[in-house]
Amino acid sequence: TSKVEEVFARNAGFDLRSLLGGTDRALQRMLRGATSSPSLLLQAPPAMRAPPALRGELTRRLRRNRPAPLLFAVLLGHGRLLTALRGQ
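Residues numbered from 1 in each chain as written. Predicted model: local features only at pLDDT ≥ 70, side-chain atom pairs only at ≥ 80, totals over all residues. Heavy atoms only, no water.

1. Quick word on the pattern of salt bridges
A complete count under the given rule lists two salt bridges for this structure. Residue Arg60 pairs with Glu57 through a salt bridge whose shortest N-O separation is 3.2 Å. Separated by three residues within a single helix, Arg60 and Glu57 lie in helix 4 (residues 52-65), roughly one turn from each other. For Arg60, a relative accessible area of 43% corresponds to the partly exposed category. You can call Glu57 partly exposed: its relative accessible area is 26%. Residues Glu57 and Arg61 are paired through a salt bridge, measuring 2.8 Å at the closest nitrogen-oxygen approach. One end of the pair, Glu57, and the other, Arg61, are both in helix 4, four residues apart, so they sit about a helical turn from each other. According to the relative accessible area criterion, Arg61 is partly exposed, its value standing at 48%. Beyond isolated ion pairs, a larger network of salt bridges with shared partners links Glu57, Arg60 and Arg61. (Salt bridge = Lys/Arg side-chain N within 4 Å of Asp/Glu carboxyl O. Helix = DSSP H or I, 4+ residues; strand = E, 2+ residues; numbered from the N terminus. Buried < 20%, exposed > 50% of the residue type's maximum accessible area, 1.4 Å probe, protein only.)

Structure, rendered in structure tokens:
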């Protein structure tokens, strides 16, 4: 944020840990997750394993039944990506 930028502009060697108090566990969990799954670093949802025929059928059904003004559609299973549609 702008306050953090101001602090670094005044003192480039500022120790940021005092401002991040209490976030250690959350950051460690995120880093551990990033080492086991690249989806966080790639800013992409993890994909669910599914046979190509099933994935194709789900995509076809979404396309056939989507409302006209729909821009995007994402189908998740257990928090993992099965298929996604983009607007035309």
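2. A closer look at unusual backbone geometry
Peptide bonds are trans in most cases, and residues, glycine excluded, mostly fall at negative phi. One non-glycine residue, His78, lies in positive phi territory at about 55°. Along the chain, the position of His78 falls in the loop between strand 1 (72-77) and strand 2 (80-86).

3. A closer look at the packing of aromatic side chains
Evaluation of the coordinates by the stated rule reveals one aromatic pair. Plain terms: the ring middles of Phe8 and Phe14 are 6.3 Å apart, the flat faces sit at 85° to each other, and that makes the pair edge-to-face. Exposure remark for Phe8: the relative accessible area of 30% places this residue in the partly exposed category. Exposure remark for Phe14: the relative accessible area of 27% places this residue in the partly exposed category. (Phe/Tyr/Trp six-rings, centres within 6.5 Å; stacked < 30°, edge-to-face > 60°.)

4. Re the environment of Phe8
Summarising the element assignment, Phe8 is placed in helix 1 (residues 2-10). When residues no more than four places from it in sequence are discounted, the contact partners of Phe8 are Phe14 and Leu16. (Contact = heavy atoms within 4.5 Å.)

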